Protein chains: 2
Amino acid sequence: MQPSTKTRKEQIYEVASELFSQRGYHATSMRDLAARLGMQGGSLYAHISGKEELLVEIVTQATDRFDTALRPLRTAQMSPQDKLREALRVHIQVIATHLDSATVFFHEWQHLGPEYYNKVAERRDVVESFYRDLVREGIEKGVFRATLDVKIAAILILSVANWTYIWYREGGPLKSDDIARVYTDMLLPGLLAQLV
Amino acid sequence: MQPSTKTRKEQIYEVASELFSQRGYHATSMRDLAARLGMQGGSLYAHISGKEELLVEIVTQATDRFDTALRPLRTAQMSPQDKLREALRVHIQVIATHLDSATVFFHEWQHLGPEYYNKVAERRDVVESFYRDLVREGIEKGVFRATLDVKIAAILILSVANWTYIWYREGGPLKSDDIARVYTDMLLPGLLAQLV
DNA sequence: CCTACCGATCGGTAGG
DNA sequence: CCTACCGATCGGTAGG
């Protein structure tokens, strides 16, 4: 065990997430980043291969977190209501606890080169398809309205969850779990076939 | 009347909106922009004062459109349900018909210098306060649930409306008005005190 | 609106 | 991880 459990590389990613989220990827220079880490610009290249590697790594980590959080729910034996509730809880938790990298992900992933762009686009669609499947399952079980447009309903849920990166700030009046609960309570009536 | 109703300046803003929305503000060079307009980089400065003027103008126009669309509804004599429906309709219409500048607004306004940043932040809050007032009015009239958290409810509505800039594309299966209608139908049950 | 140019800064590398 | 440096490109200007 080292005094710090973070490797230098992890420190670089962390500070890069912060700067990229605040100023944007292109507006952040490698010298800015190096200065924040107490080193010279050129020294960064002893640890990383280039600027785009930073963006790729940050964005990939962000999509991985959503995937890791939602995947177990896919096959979970839960009612559609509870699954939605839990999905929103972990989804918003991922954003709240990794706000910088989530922000970089939402703002900058499209600026990745084509080879990474496609991978991330796939990952993104996995999350959206999770909510589509959830809505579809709810309809099939007779719990959600049969008249729902599956795609639009999924996007509506995703809109609400993802938008939290815009306004959520640590130390605010509502904890991440509280936000998810209030959101779920507001969304469910529009999804349910009959209110209980 | 000229053959084109657009001034050269308006053309510059339009192409800048397109490039900024696709590549990002900082990743777009003035030479890129000039080339798309069939001129040399330096020639742009015969029409505009600098790069930031472009961003300021695009972002200001975007906020103006939301303001212009929603302002008449503030004092409109309508039921809260109808007001929400109409608000979402015009809100999403603004995004759909000016997708490039809306995208630039959402992605880049924070990168404006402090003097413009504050102005835009105010404009942004005017839109959010519109939805807060709408929710509050609905509660006071007994139409919306008294248990609603006004701020969170407003943000939820705003999330759904704003997120359309991410996925809406012209020529898709749903027109802007259709999206707004389906969204309203899904959101209202969670807001209403009793379903009608 | 063009040509020619300015200083500044960029991402990245060589050699230690 | 530093010093010193590379070519490329940036936003912007002077003078026409």
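Up top is the structure.
Residues numbered from 1 in each chain as written. Chains lettered and ligands numbered in written order. Predicted model: local features only at pLDDT ≥ 70, side-chain atom pairs only at ≥ 80, totals over all residues. Heavy atoms only, no water.

## Focus on the overall build of chain A
Here is the rule: Counting from the N terminus, the helices are DSSP H or I runs at least four residues long and the strands are E runs at least two residues long. Any residue under 20% of the maximum accessible area for its type is buried, any over 50% is exposed, and the rest in between are partly exposed; the area is computed with a 1.4 Å probe on protein chains only. Any two residues having at least one pair of non-hydrogen atoms within 4.5 Å are treated as being in contact. Surface exposure here means Shrake-Rupley accessible area, sampled with a 1.4 Å probe, where a residue is shielded only by the protein chains that are shown.
Counting secondary structure elements, chain A contains eight helices and zero strands. Secondary structure of chain A in N-to-C order comes out as α-α-α-α-α-α-α-α. If one aligns the C-alpha atoms of chain A with their principal axes, the spans along those axes are about 60 × 40 × 35 Å. Counting the 196 residues in chain A, one finds 51% classified as buried. Counting contacts in chain A only where the partners sit at least 6 residues apart, residues at least 24 apart contribute 67% of the total. Only carbon and sulfur atoms are counted for the fraction: they give 49% of the accessible area of chain A, which is about 9,300 Å².

## Thoughts on empty space enclosed by the protein
Leftover empty space is mapped by rolling, across the atoms, a probe with the size of a water molecule. Note the following rule: Points on a 1 Å grid over protein atoms alone make up a cavity when a 1.4 Å probe fits among them but cannot get out, and a pocket when they form an open set with protein on both sides within 12 Å along at least five of seven lines; lining residues each have an atom within 4 Å of a point. Grid points are joined across faces, edges and corners, and a volume is the space filled by probe spheres set on the points. Here the nonpolar group is Ala, Val, Leu, Ile, Met, Phe, Trp, Tyr, Cys and Pro; Asp, Glu, Lys and Arg are the charged ones; every other residue, Gly included, is treated as polar.
Using the criterion set out here, one finds three cavities of 30 Å³ or more in the structure. Estimates place the volume of the largest cavity at around 120 Å³. Around the largest cavity, the lining comprises 16 residues; the ones closest to its centre are Gly 24, Glu 108 and His 111 of chain A together with Glu 108 and His 111 of chain B. Looking at the lining of the largest cavity, the elements that each hand over two or more residues are helix H5 (99-108) of chain A together with helix H5 (99-108) of chain B. Looking at the lining of the largest cavity, its residues break down into four nonpolar, eight polar and four charged.

## Some points on the relation of the copies chain A and chain B
One copy of the chain maps onto the other through a rotation about an axis plus a displacement along that axis. Put simply, the rule reads: A residue counts toward the fit only if its pLDDT is at least 70 in both copies, and the copies are then superposed by least squares on the C-alpha atoms of those residues.
It takes a turn of 180° to lay chain A on chain B, together with a shift of 0.0 Å along the axis; the resulting RMSD is 0.0 Å. Such values leave the two copies arranged in the relation of a two-fold axis. Comparing interface residues between copies, 100% of those in chain A also sit at the interface in chain B, which points to an isologous, same-surface contact.

## Some remarks on the interface of chain A and chain B
For clarity, the cut-off: A quick way to say it: buried area is the sum, across both parts, of accessible area lost when two parts are put together, with a 1.4 Å probe. By definition, a salt bridge exists where a carboxyl oxygen of Asp or Glu is found within 4 Å of a side-chain nitrogen of Lys or Arg. Polar contacts, as counted here, are pairs of nitrogen or oxygen atoms within 3.5 Å of one another; within protein the pair requires one atom able to donate a hydrogen and one able to accept it, and residues that are adjacent in sequence qualify only if both atoms are side-chain atoms.
The interface is formed by 32 residues belonging to chain A together with 32 residues belonging to chain B. Carbon and sulfur atoms make up 74% of the area that chain A and chain B hide from each other, which totals about 3,000 Å². Looking at the side of chain A facing chain B, the largest losses of area belong to Ile 152, Trp 163 and Met 186 of chain A, adding up to 24% of the total buried there. Our enumeration of links across chain A and chain B arrives at zero salt bridges. The interface formed by chain A and chain B holds two residue pairs in polar contact (both at pLDDT 80 or more) in total.

## Considering the pattern of salt bridges
Residues and elements named next belong to chain A. Enumeration according to the criterion identifies 30 salt bridges over all chains in this entry. Arg 85 is the salt-bridge partner of Asp 185, the closest N and O atoms lying 2.9 Å from each other. One end of the pair, Asp 185, is in helix H8 (residues 176-191); the other, Arg 85, is in helix H4 (residues 80-97), and 100 residues separate them in sequence. The exposure class assigned to Asp 185 is partly exposed, which follows from its relative accessible area of 37%. Linked by salt bridges that have partners in common, Arg 74, Asp 133 and Arg 136 make up one network.

## Quick look at the protein's contact with DNA strand C
In plain terms, the rule: Proximity criterion: a residue is near a molecule or strand once any of its heavy atoms comes within 4 Å of it.
Not every one of the 16 residues close to DNA strand C is listed here, only the nearest: Met 30, Tyr 45 and Lys 51 of chain A together with Gln 40 and Ser 43 of chain B. Those atoms of DNA strand C that come within 4 Å of the protein belong to sugar or phosphate at a rate of 60%. A distance of 3.2 Å is found between a phosphate oxygen of DNA strand C and a side-chain nitrogen or oxygen belonging to His 47 of chain B. Per-class residue counts for the surface near DNA strand C are four nonpolar, eight polar and four charged.

## So, the side chain of His 107 of chain A
With respect to the element layout, His 107 of chain A can be found in helix H5. The contacts of His 107 of chain A, once residues within four sequence positions are left out, are Tyr 165 of chain A together with Phe 106, His 107 and Gln 110 of chain B.

## Notes on the protein's contact with DNA strand D
The local shell around DNA strand D holds 16 residues, among which Gln 40 and Ser 43 of chain A together with Met 30, Arg 31 and Lys 51 of chain B are the closest. Sugar and phosphate atoms form 61% of the subset of DNA strand D atoms that lie within 4 Å of the protein. Arg 8 of chain A has a polar side-chain atom sitting 3.0 Å from a phosphate oxygen of DNA strand D. A distance of 2.7 Å separates a phosphate oxygen of DNA strand D from a polar atom in the side chain of Ser 43 of chain A. Across the surface near DNA strand D, the residue classes tally to four nonpolar, eight polar and four charged.

## Some details on helix H6 (residues 114-140) of chain A
The criterion, for reference: Multiplying one less than the number of residues by 1.5 Å gives the expected span of a helix.
Over its 27 residues, H6 of chain A runs 38 Å from end to end, which matches the ideal 39 Å to within 8%, given 1.5 Å per residue. All of the buried residues in H6 of chain A are Val 120, Arg 124, Val 127, Glu 128, Ser 129, Phe 130, Tyr 131, Arg 132, Leu 134, Val 135, Gly 138 and Ile 139 of chain A.

## Observations regarding helix H6 (residues 114-140) of chain B
All names here are of chain B. Inspection of H6 places Val 120, Val 127, Glu 128, Ser 129, Phe 130, Tyr 131, Arg 132, Leu 134, Val 135, Glu 137, Gly 138 and Ile 139 among the buried residues, and these make up the whole buried set. Where H6 is buried, its residues contact helix H3 (51-74), helix H4 (80-97), H5 and helix H7 (150-167). Remark: Gly 142 follows H6 within two positions and exhibits a positive phi of approximately 80°.

## Thoughts on the packing of aromatic side chains
All names here are of chain A. This is how it is decided: Side-chain rings of Phe, Tyr and Trp, where Trp is taken by its six-membered ring, are said to pair if the distance between their centres is within 6.5 Å; with planes under 30 degrees apart they count as stacked, over 60 as edge-to-face, and otherwise as tilted.
Enumeration over the complete set of coordinates arrives at 17 aromatic pairs over all chains. On the numbers, 6.2 Å between centres and 45° between planes, the contact of Phe 66 with Phe 105 is tilted. Pair noted here: Phe 66 is in helix H3 (residues 51-74) and Phe 105 is in helix H5, with a separation of 39 residues, a long-range link. Taken individually, Phe 66 and Phe 105 each receive the classification buried, so the pair is uniform in this respect. Ring centres 6.4 Å apart and planes at 50° place the aromatic pair Phe 66 and Phe 106 in the tilted group. Placement of the pair is Phe 66 in helix H3 and Phe 106 in helix H5, with a sequence separation of 40 residues. In this structure Phe 66 comes out as buried when scored by relative accessible area, which is 4%.

Honestly, it's all geometry; don't read function into it.
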